[in-house]
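Fold and contact review
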Amino acid sequence: MKRGEHFMKAIAIIAEYNPFHEGHAYQIQQLRKLYPTTTLIAIMSGPFTQRGVPSFVDKWTKTKMALAYVDLVIELPYPFATGAADTFAKGGVSLAAALGAEALSFGSEEGTVHACENYASLWKQHEKTILQEAQQKKRSSYIQSLYQAAENLIGPPPFDYEQPNNILAFAYAKANVTHQLTLLTHRRVGAHYHDTSGNKKLASASGIRSYIQKTGNIPSHLPERTTQLLSNYNGHWGSMDLLYPFLRAELLRTPPEQLLTFFEMTEGMERRFIQGARVAHHFSDWLQQVQTKHWTNARIQRAASHIVTHFTKGEYDMLTTPTYIRLLGATPRGKTYLKNEQQSFSLPVVYSPKQKPDDLLMQIDVRAQNMYTFFTNTQGNRRTIQRDYAEPPIFLS
């Protein structure tokens, strides 16, 4: 990451902050050094994450964590927040462009982006053929089939596509072909995503979650605001174990043909899901029952969450890009940016679902949030399941 050649009004970060940790703080601190007067915008997933898992804490708590470092927090709507890498990136980059951001900042394993951008341009030119070829391959995973098809057409990728950060970085580059934001990447620091060591400097988010769930203690190496909010959190930590009783009930009572209408469900999943629910009392046992080499755990988890939130294939097909900018919080600098720039945004800024009652995307978002609030018991001070309607944006003074 190098000092920008010109002033930037706003830089966007697409994130989950699940929870906000020292690696996130490092990224933002580096941006502040290079762009001290720039507004930093976090486009953040809400009640569910990209792997289909319920967020560890609710989105208002995550917003408070983030506002200790960034200036604006915008919610990435559920269909994009829970999408595979390309869908996740498409939603996030679209919102960044709509907000007037001039750049997008993210981490990757190599910390370079030029080769990735060139490969993304080639990929977009041949995308239809690549997708067709991948569908015909019989490899152990769709990702392998996809990149093998691409390699046959446009050459090998200039990055390790088995690394999660690289997969997302490349997805951002592809989504950005349309918008042409400046891409600012830094080498990922700290533990890998799957590292379960949670009580160390620069621990991964999954390691931090695992440590808290196993020990009941908050790790010592976290940003101060994160530590404070986790220590005083009122509710259950979000997890697939909490979601599973609701999933199991849906699987035991829903006709197989109806299960196939939910997004990410494919032929054969419905039978395995139902059979697993008949015998498994815990999510981990159910996951073992339904796993095959053709479906990643993330794919299974996303399908499971879509069943619980009733997010259908028909709804997904009607949603191409976000239709609004859902504001979750702002610092004084963030409020000034909104005041000065909002008229030039390409999407309306929404403070509450009341402003978009007939918008399908908003209805899906509220539905997902209601379910999350219900099974995590995180009604907040207002004690309502419909917390989306009750909670205003968080404005720091």
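Residues numbered from 1 in each chain as written. Predicted model: local features only at pLDDT ≥ 70, side-chain atom pairs only at ≥ 80, totals over all residues. Heavy atoms only, no water.

Section: the overall build of the protein chain
When helices and strands are counted, the protein chain shows 19 helices and eight strands. For 397 residues, the compact-globule formula gives about 21 Å, and the C-alpha radius of gyration of the protein chain, at 20 Å, lands near that figure. With respect to the principal axes defined by its C-alpha atoms, the protein chain has extents near 60 × 55 × 45 Å. Summarising the internal contacts of the protein chain: among those between residues at least 6 apart in sequence, 74% fall at separations of at least 24. Split by element, the accessible area of the protein chain, about 17,500 Å² in all, is 48% carbon and sulfur. Each charge class in the protein chain was averaged separately, 42 positive and 33 negative side chains, and the resulting centres sit 3 Å apart. (Helix = DSSP H or I, 4+ residues; strand = E, 2+ residues; numbered from the N terminus. Rg over C-alpha atoms; globule rule 2.2 N^0.38 Å. Contact = heavy atoms within 4.5 Å. Areas by Shrake-Rupley, 256 points an atom, 1.4 Å probe, with all protein chains shown as cover. Lys, Arg positive; Asp, Glu negative; His and termini not counted. Charge placed at Lys NZ, Arg CZ, Asp CG, Glu CD.)

Comments concerning the side chain of Asn-176
With respect to the helices and strands, the residue Asn-176 is situated in helix α8 (residues 164-179). In this structure, Asn-176 is in contact with Val-93, Glu-117, Leu-181 and Leu-183, ignoring residues within four places of it in sequence.

A word on unusual backbone geometry
Following Asn-18, the chain continues to Pro-19 via a peptide bond in cis, the omega torsion being 0 degrees. Among the structural elements, Pro-19 can be located in the loop between β1 (10-15) and α1 (22-34). The backbone phi angle of Gln-180 is positive, close to 60 degrees, even though this residue is not glycine. Checked against the element boundaries, Gln-180 lands in the loop between α8 and β5 (182-187).

Re the packing of helix α6 (residues 127-136) against helix α7 (residues 142-154)
Close contact between α6 and α7 brings their axes to 8 Å; oriented N to C, the two are set at 130 degrees. Taken together, the axes of α6 and α7 lie oblique to each other. When you trace α6 past α7, the crossing you get is right-handed. When α6 is examined against α7, the residues Thr-129, Ile-130, Leu-131, Glu-133, Ala-134 and Gln-135 are found in contact with a partner set consisting of Tyr-142, Ser-145, Leu-146, Ala-149, Ala-150, Leu-153 and Ile-154. Classifying every residue of the contact of α6 with α7 by side-chain character gives nine nonpolar, three polar and one charged. (Axes fitted to C-alpha atoms, helices over the stretch in contact; angles between N-to-C directions. Parallel < 35°, antiparallel > 145°, perpendicular 65-115°, else oblique. Left-handed = near helix turned anticlockwise from the far one by under 90°. Nonpolar A, V, L, I, M, F, W, Y, C, P; charged D, E, K, R; others polar.)

Some thoughts on the pattern of salt bridges
Where charged atoms of side chains with opposite charge meet at close range, the side chains can pair. According to the stated counting rule, one finds 16 salt bridges in the structure shown. Here Arg-271 and Glu-270 are joined by a salt bridge, their closest N and O atoms 3.3 Å apart. Taking the relative accessible area as the measure of exposure, Arg-271 reaches 47% and is therefore partly exposed. A network of salt bridges, in which partner residues are shared, links Lys-59, Glu-75, Arg-326 and Asp-388. (Salt bridge = Lys/Arg side-chain N within 4 Å of Asp/Glu carboxyl O. Buried < 20%, exposed > 50% of the residue type's maximum accessible area, 1.4 Å probe, protein only.)

Quick word on the nonpolar core
Membership of the largest hydrophobic core comes to 121 residues, with the highest contact counts inside it found for Tyr-17, Ile-43, Phe-273 and Trp-286. Setting aside anything within four residues of it in sequence, one finds Phe-273 in contact with Leu-251, Met-265, Trp-286, Val-290, Ile-300, Ala-303 and Ile-307. (Core = buried A, V, L, I, M, F, W, Y, C linked by side-chain atoms within 4.5 Å.)

So, helix α10 (residues 224-231)
Within α10, the full set of buried residues consists of Thr-226, Leu-229 and Leu-230. Seen end-on, α10 carries its buried residues on one side only, within an arc spanning 95 degrees. Packed against the buried residues of α10 are α2 (59-66) and α9 (205-215). (Arc of directions from axis to C-beta.)

As for the packing of helix α14 (residues 283-290) against helix α15 (residues 297-309)
When two helices pack together, you describe them by how their axes are tilted relative to each other and by the distance separating the axes. Put simply, α14 and α15 touch, their axes get as near as 11 Å, and they point 115 degrees apart. By crossing handedness, the relation of α14 to α15 is classed as right-handed. Contact with α14, carried on its side by Phe-283, Trp-286, Leu-287 and Val-290, involves Asn-297, Ile-300, Gln-301 and Ala-304 of α15 and no other residues of that element. Classifying every residue of the contact of α14 with α15 gives six nonpolar, two polar and no charged.

A word on the pairing of strand β4 (residues 103-108)
Regular strands show a simple pattern: their side chains alternate between the two faces of the sheet. The element β4 is largely enclosed, with a buried count of six among its six residues. In the sheet, β1 pairs with β4 via three bridges, with the strands oriented parallel. By the bridge assignment for β4, Ala-12 is matched with Leu-104. Across six bridges, β4 lies against β5 in parallel orientation. The residue bridging Leu-104 from the neighbouring strand is Leu-183, located in β5. (Pairing = 2+ DSSP bridges.)

Structural notes on the side chain of Arg-248
Structurally, Arg-248 can be placed in helix α11 (residues 240-253). There is no salt bridge for the buried Arg-248, and the closest opposite charge comes from Asp-285, which lies 9.1 Å off by N-O distance. A distance of 3.3 Å separates a polar side-chain atom of Arg-248 from the backbone oxygen of Ala-280. In this structure Arg-248 touches Ala-277, Arg-278, Val-279, Ala-280 and His-281, once residues within four positions along its chain are discounted. (Polar contact = N/O pair within 3.5 Å; in protein donor to acceptor, adjacent residues only side chain to side chain.)

Overview of the environment of Arg-253
Within the fold, Arg-253 resides in helix α11. For the pair formed by Arg-253 and Ile-274, sequence separation is 21 residues and the distance between their alpha carbons is 9.2 Å.

Examining the packing of aromatic side chains
Going through the model one piece at a time under the given rule, you end up with 30 aromatic pairs. Judged by centre distance (4.6 Å) and plane angle (5 degrees), the rings of Phe-56 and Trp-237 are stacked. A residue pair is termed long-range when its members are at least 10 positions apart, and Phe-56 in the loop between β2 (39-45) and α2 and Trp-237 in the loop between α10 and α11 qualify at 181 residues. Between the aromatic rings of Tyr-337 and Phe-345, the centroid separation amounts to 6.0 Å while the plane-to-plane angle is 35 degrees, which identifies the pairing as tilted. For the pair Tyr-337 and Phe-345, one class covers both residues: buried. Grouping aromatic residues by their ring pairs yields a cluster made of Phe-48, Tyr-78, Phe-246, Phe-263, Phe-311, Tyr-316, Tyr-372, Phe-374 and Phe-375. (Phe/Tyr/Trp six-rings, centres within 6.5 Å; stacked < 30°, edge-to-face > 60°.)

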